[in-house]
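Single-letter residue listing:
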Amino acid sequence: VAGLAAIGTANSMGARVHASDVRPEVGEQVESMGASFVPVPSLQEGSGDGYAKEMDADAAALARALYAEEAAKSDIVITTANIPGRRSPILLDEAAVAAMAPGSVIVDMAAANGGNCALTVPGEAITTGNGVTIIGYADLAERLPAQASQLYGRNLANLLALLTPDKDGRIDLDMNDEVIRGITVVAEGAIMWPPPPVQVCAAPAPARPEPTPEEIAAKAATERAERKRKKRLKTLGIATAVIALMALVLGTPAAATSHYIVLLLAVILGFYVISNVTPALHTPLMSVTNAISGIILVGAISQMGDPHPLVVAVSFAAIVLASVNIFGGFAITHRMLSMFRK
């Protein structure tokens, strides 16, 4: 959460942010905050419990190569990989630091456990020979009170400037000021709390001129023409579908004609069942349709040996579409369930 907040802050300040993590599910979260996600190639796995796992030697080598490439293109690099009770993994080695531009900065937040940079000196901020500053303070949390005090002091200074408009140290409460009125609890023995609601001044929308009779008539004529056009297109579509269905039925052997009745009833039933399902349940519903797609897949495979080439082509298309639906359903279901794992 802190990392995502930092990404959002940096992005709002105009920085181009690139973030990397060994957990692939973090990618969508990073992109939602306006940053670009840099995945570790080929060796990524899900975190399971939401926390990153320690990588093996091969994966760590790939990750270091990726981090070195990204660091060479970055002005500021922040590393946060830390393993409680153990030395922090090395993400940036000497060669990666040497490839960075002069003036670049590395903020090693894992310095307390040795640091993610091979050149980090815990507790100090150093500058390398090529002009890269490495901040390895191990007491970052202890440095926050000074910043918090500065922010709080700035708020108090701004409040005093508002209370003393003449800058002579004498407080002048202007109850017409919404800020002063909103923070005043008691004034001259009178209880002023709760304050009145803040009045929101919204600019009224410009009044639209009344349409003339000619404009009303032209608009009505345009709407009628549009309705007629849509009606003609609908009629043409229905007629085309009926003709295609009749041609398909007439070209089908008589023994298989009865199956069209079953197909028509299945289409009607499926349409009304799906249309009555809340859109929020469409994703879990997709995983249920895998059973239907499996039946289609089995039936299409059984027809692949038919001597008629049209039957073989339709069966092949059915196999492809059913397979896409099955694998896509499982993939979406897996991603949906991973959102609820701790």
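Residues numbered from 1 in each chain as written. Predicted model: local features only at pLDDT ≥ 70, side-chain atom pairs only at ≥ 80, totals over all residues. Heavy atoms only, no water.

A look at the pattern of salt bridges
Right, so step 1: The full count for this structure, using the stated rule, is four salt bridges.
Right, so step 2: Between E70 and K73 there is a salt bridge; the shortest N-O distance is 3.5 Å.
Right, so step 3: The partner of D139 in a salt bridge is R143, and the shortest N-O contact between them spans 3.0 Å.
Right, so step 4: Overall, the relative accessible area of 28% leaves D139 in the partly exposed class. (Salt bridge = Lys/Arg side-chain N within 4 Å of Asp/Glu carboxyl O. Buried < 20%, exposed > 50% of the residue type's maximum accessible area, 1.4 Å probe, protein only.)

What to know about the environment of I135
Right, so step 1: Within the secondary structure, I135 is located in strand β6 (residues 133-135).
Right, so step 2: The sequence separation of I135 and V121 amounts to 14 residues, and the corresponding C-alpha distance is 8.2 Å.
Right, so step 3: Discounting chain neighbours no more than four positions away, the residues touching I135 are V105, I106, V107, D108, E124 and A125. (Helix = DSSP H or I, 4+ residues; strand = E, 2+ residues; numbered from the N terminus. Contact = heavy atoms within 4.5 Å.)

With respect to the nonpolar core
Right, so step 1: By size, the foremost hydrophobic cluster in this structure holds 17 residues, and its most contacted members are L92 and I106.
Right, so step 2: For this core, the elements supplying multiple residues, two or more each, are α3 (57-72) and α4 (94-98).
Right, so step 3: Element by element, the count of residues in this core is highest for α3, at four residues.
Right, so step 4: Excluding its chain neighbours within four sequence positions, the residues that come into contact with I106 are V77, L92, V97, M100, C117, V132, T133, I134 and I135.
Right, so step 5: One finds V17, A19, V30 and F37 within the second-largest nonpolar core, a separate group that totals seven residues. (Core = buried A, V, L, I, M, F, W, Y, C linked by side-chain atoms within 4.5 Å.)

Structural notes on the confidence of the model for the chain
Right, so step 1: With 89% of its residues at a pLDDT of 70 or more, the chain shows a mean pLDDT of 84.
Right, so step 2: Here residues 46-50 is a poorly scored stretch, pLDDT under 50, and it has ten contacts once near neighbours within four places are set aside; other chains count. (pLDDT = per-residue confidence, 0-100.)

Focus on a negative patch on the surface
Right, so step 1: There is a patch of like negative charges on the surface, built from D166, D168, D172 and D174.
Right, so step 2: You can see D168 is positioned in the loop between α5 (140-163) and α6 (178-183). (Patch = residues over 30% accessible without salt bridge, like charges linked within 9 Å, V, L, I, M, F, W, Y side chains within 5 Å. Areas by Shrake-Rupley, 256 points an atom, 1.4 Å probe, with all protein chains shown as cover. Lys, Arg positive; Asp, Glu negative; His and termini not counted. Charge placed at Lys NZ, Arg CZ, Asp CG, Glu CD.)

A closer look at the sheet that holds β6
Right, so step 1: As summarised here, the arrangement of the four strands in space is β3-β4-β6-β5, forming an open sheet in which the pairing is mixed. Among the strands making up the open sheet, the edge pair consists of β3 (76-79) and β5 (125-127). On average, each strand axis in the sheet is tilted by 15 degrees relative to the strand beside it, whichever way the strands run.
Right, so step 2: Across three bridges, β5 lies against β6 in antiparallel orientation. Residue pairing for β6: I126 is matched across the bridge by I134. (Pairing = 2+ DSSP bridges. Axes fitted to C-alpha atoms, helices over the stretch in contact; angles between N-to-C directions.)

Here's the deal with the packing of aromatic side chains
Right, so step 1: Within this structure, the stated rule accounts for zero aromatic pairs.
Right, so step 2: A cation sits over an aromatic face here: R143 above Y137, 3.7 Å from the ring centre. (Phe/Tyr/Trp six-rings, centres within 6.5 Å; stacked < 30°, edge-to-face > 60°. Lys NZ or Arg CZ within 6 Å of the ring centre and 35° of its normal.)

Description of helix α10 (residues 309-338)
Right, so step 1: With 30 residues, α10 ought to run about 44 Å at 1.5 Å a step, and its terminal C-alpha atoms sit 44 Å apart, in line with that.
Right, so step 2: Where α10 is concerned, the buried positions are S315, I319, A322, S323, I326, G329, T333 and M336. (Expected span 1.5 Å × (residues − 1).)

As for unusual backbone geometry
Right, so step 1: The residue after W193, namely P194, is reached through a cis peptide bond having omega 0 degrees.
Right, so step 2: Its identity as a non-glycine residue notwithstanding, K167 has a phi of 60 degrees, on the positive side.
Right, so step 3: Mapping K167 onto the fold places it in the loop between α5 and α6.
Right, so step 4: By relative accessible area, K167 is classed as exposed at 77%.
Right, so step 5: Of note, E188 is a non-glycine position whose phi angle comes to about 55 degrees, a positive value.
Right, so step 6: Among the structural elements, E188 can be located in the loop between β7 (186-187) and β8 (190-191).

Examining the pairing of strand β4 (residues 105-108)
Right, so step 1: Two elements, β3 and β4, share four bridges in a ladder whose sense is parallel. Among the inter-strand pairings, I76 is bridged to a residue of β4, identified as V105.
Right, so step 2: With three bridges joining them, β4 and β6 adopt parallel strand pairing. Paired with V105 across the strands is T133, a residue of β6.

Remarks on a nonpolar patch on the surface
Right, so step 1: A surface patch of nonpolar side chains, amounting to about 440 Å² of accessible area, comprises V185, V186, I191 and W193.
Right, so step 2: Locating V185 in the fold gives a position in the loop between α6 and β7.

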